[in-house]
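Residue-level listing of the chains:
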Amino acid sequence: MKIVTRFAPSPTGRLHLGHAYSALRAHRLARGSGGAFLLRIEDIDPGRTREEHAAGIEEDLAWLGIDWDGPVVRQSERLHLYRAALERLRERGLVYPCFCTRSGIAAEIARSAAAPHGPEGAVYPGTCRPAPSAPSHPGFPRPDPDLVRPHAWRLDVRRAVELAGTLAWTDATAGEIIAHPERFGDVVLARKDAPTSYHLAVTIDDAAQGVTDVVRGRDLFAATDVHRLLQALLGLPVPRYHHHELLTAPDGRRLAKRSGAPSLLDLRLAGADPEKLRDELLGERLPAGYLTAAS
Ligand code: GLU
């Protein structure tokens, strides 16, 4: 089967060396076998997306010598697909509207002596989750009039896991992983300010675009359990995963704008040689000196 990989950045800032590393790994995996490499802009966060960053991503990749197949996919143009998937889950009573505010959730967690913690910190305490015996669950969990108030939609993860049973996925390095999505609690599948969330959109798009191999950083390793659950619930194929290590600065901190990592634009303006940079990144020799270029 032809390998299809993708690079899926969020246009919330300029790309840095960590992004370049991830894009190069995905590109090499596809091109090395005559496969396809896709570019998807994950612009579902209305508050943080900037149009100039979306344009900058294409510019930076072209500078690095990375070409992609087909048109660039924008998640903001695919909201109807995410809505339709959410609707399918809603009809099966697997999601419920959540009216909580961030501060309300934090206060509730602070009040509880033993708030469970998952891979991303304290999990949602379930304030809005309908009782399992509630007559309107499954189905439409709350009366319609409530839904004029701003609300998110959360996955009822316990019900979902009960339905899906034991699930596994494969990481190229770590091997077979048994998924434990319940560790995340009832994740948000549609935000108050957007009709989807990262978890839902990424799962649907990887399937819709025929991605066979997801190459991304280890920081998303645990979240793959949630994506695997959504694949099972929505009847989607399961890609292979390649979670790579994250680039770090010499002091061991993760590369990010705030740790002083230069953006690819900084490097380009400073006259860096893209071919050399590509070789160094793929050879996993982080170029000394680059890290201080923008500090
Ligand atoms: N859009 C995500 C990010 O920029 C990456 C998503 C993924 O590779 O699954 O962090």
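Residues numbered from 1 in each chain as written. Predicted model: local features only at pLDDT ≥ 70, side-chain atom pairs only at ≥ 80, totals over all residues. Heavy atoms only, no water.

1. A closer look at the site of the ligand
Okay, so step 1: Around the ligand, a shell composed of Arg6, Ala8, Pro9, Ser10, Glu42, Tyr198, Val202, Arg216 and Leu220 is seen.
Okay, so step 2: Taking Arg6, its side chain carries an N or O atom lying 2.6 Å from an oxygen atom of the ligand.
Okay, so step 3: At 2.6 Å from a nitrogen atom of the ligand is found a side-chain nitrogen or oxygen belonging to Glu42.
Okay, so step 4: Surface burial for the ligand is 77%, taken as the share of its 300 Å² of free accessible area covered by protein chains.
Okay, so step 5: When the residues that make up the shell around the ligand are grouped by side-chain class, the tally is 5 nonpolar, 1 polar and 3 charged. (Near = heavy atom within 4 Å. Polar contact = N/O pair within 3.5 Å; in protein donor to acceptor, adjacent residues only side chain to side chain. Areas by Shrake-Rupley, 256 points an atom, 1.4 Å probe, with all protein chains shown as cover. Nonpolar A, V, L, I, M, F, W, Y, C, P; charged D, E, K, R; others polar.)

2. Overview of the nonpolar core
Okay, so step 1: With 45 residues, the main nonpolar core has Leu89, Leu155, Leu189, Leu200 and Leu233 as its most contacted residues.
Okay, so step 2: The leading source of residues in this core is helix 7 (residues 224–234), at 5 residues.
Okay, so step 3: If we ignore the near neighbours within four places in the chain, the residues touching Leu155 are Leu94, Val95, Tyr96, Ala160, Asp186, Val187, Leu189, Leu229, Leu230 and Leu233.
Okay, so step 4: Membership of the second largest hydrophobic core comes to 28 residues, among which are Phe7, Ala23, Phe37 and Leu264. (Core = buried A, V, L, I, M, F, W, Y, C linked by side-chain atoms within 4.5 Å. Buried < 20%, exposed > 50% of the residue type's maximum accessible area, 1.4 Å probe, protein only. Helix = DSSP H or I, 4+ residues; strand = E, 2+ residues; numbered from the N terminus. Contact = heavy atoms within 4.5 Å.)

3. Notes on the sheet that holds strand 2 (residues 36–41)
Okay, so step 1: One open sheet holds the 3 strands; their spatial order is 1-2-3, and the pairing between them is parallel. Every other strand in the sheet has two partners, leaving strand 1 (4–7) and strand 3 (73–74) as the edge strands with one partner each.
Okay, so step 2: Sheet analysis places strand 1 next to strand 2, joined by 4 bridges and oriented parallel. The partner of Arg6 across the bridge, within strand 2, is Leu38.
Okay, so step 3: Running over the sheet, helix 2 (residues 51–64) touches strand 1, strand 2 and strand 3 and is turned about 160° from strand 2. (Pairing = 2+ DSSP bridges. Axes fitted to C-alpha atoms, helices over the stretch in contact; angles between N-to-C directions.)

4. Considering the pairing of strand 12 (residues 240–244)
Okay, so step 1: Most of strand 12 sits out of view: 4 of its 5 residues are buried.
Okay, so step 2: When strand 11 (residues 213–217) meets strand 12, the two strands line up parallel, connected through 5 bridges. Paired with Arg216 across the two strands is His243, which belongs to strand 12.
Okay, so step 3: In this region the chain leaves strand 11, passes through helix 7 and returns to the parallel neighbour strand 12; the handedness of that crossover is right-handed. (Right-handed = clockwise from strand over helix to strand, strands pointing away.)

5. A few points about helix 1 (residues 17–31)
Quick reminder: α-helices carry 3.6 residues per turn. Residues three or four places apart thus point the same way.
Okay, so step 1: In a regular helix each residue adds 1.5 Å, so 15 residues correspond to 21 Å; helix 1 covers 20 Å between its end C-alpha atoms and thus fits that length.
Okay, so step 2: Among the residues of helix 1, Leu17, Gly18, Ala20, Tyr21, Ser22, Ala23, Leu24, Ala26, His27 and Ala30 are the ones counted as buried. (Expected span 1.5 Å × (residues − 1).)

6. Quick word on the packing of aromatic side chains
Okay, so step 1: Considering all chains together, one arrives at 2 aromatic pairs under this definition.
Okay, so step 2: When the ring of Trp169 is compared with that of Tyr241, the centres are 5.4 Å apart and the planes differ by 75°; the resulting orientation is edge-to-face. Here the residue Trp169 occupies a position in strand 8 (residues 168–171), and Tyr241 occupies one in strand 12, the gap between them amounting to 72 residues.
Okay, so step 3: Trp169 sits in the buried class, given a relative accessible area of 1%.
Okay, so step 4: Using a relative accessible area of 2% as the deciding quantity, one classes Tyr241 as buried.
Okay, so step 5: One aromatic cluster is present, built from ring pairs that chain together Trp169, Phe221 and Tyr241.
Okay, so step 6: A cation sits over an aromatic face here: Arg154 above Tyr124, 3.6 Å from the ring centre.
Okay, so step 7: The positively charged end of Arg218 is found above the aromatic ring belonging to Phe221, 4.6 Å away from the centroid. (Phe/Tyr/Trp six-rings, centres within 6.5 Å; stacked < 30°, edge-to-face > 60°. Lys NZ or Arg CZ within 6 Å of the ring centre and 35° of its normal.)

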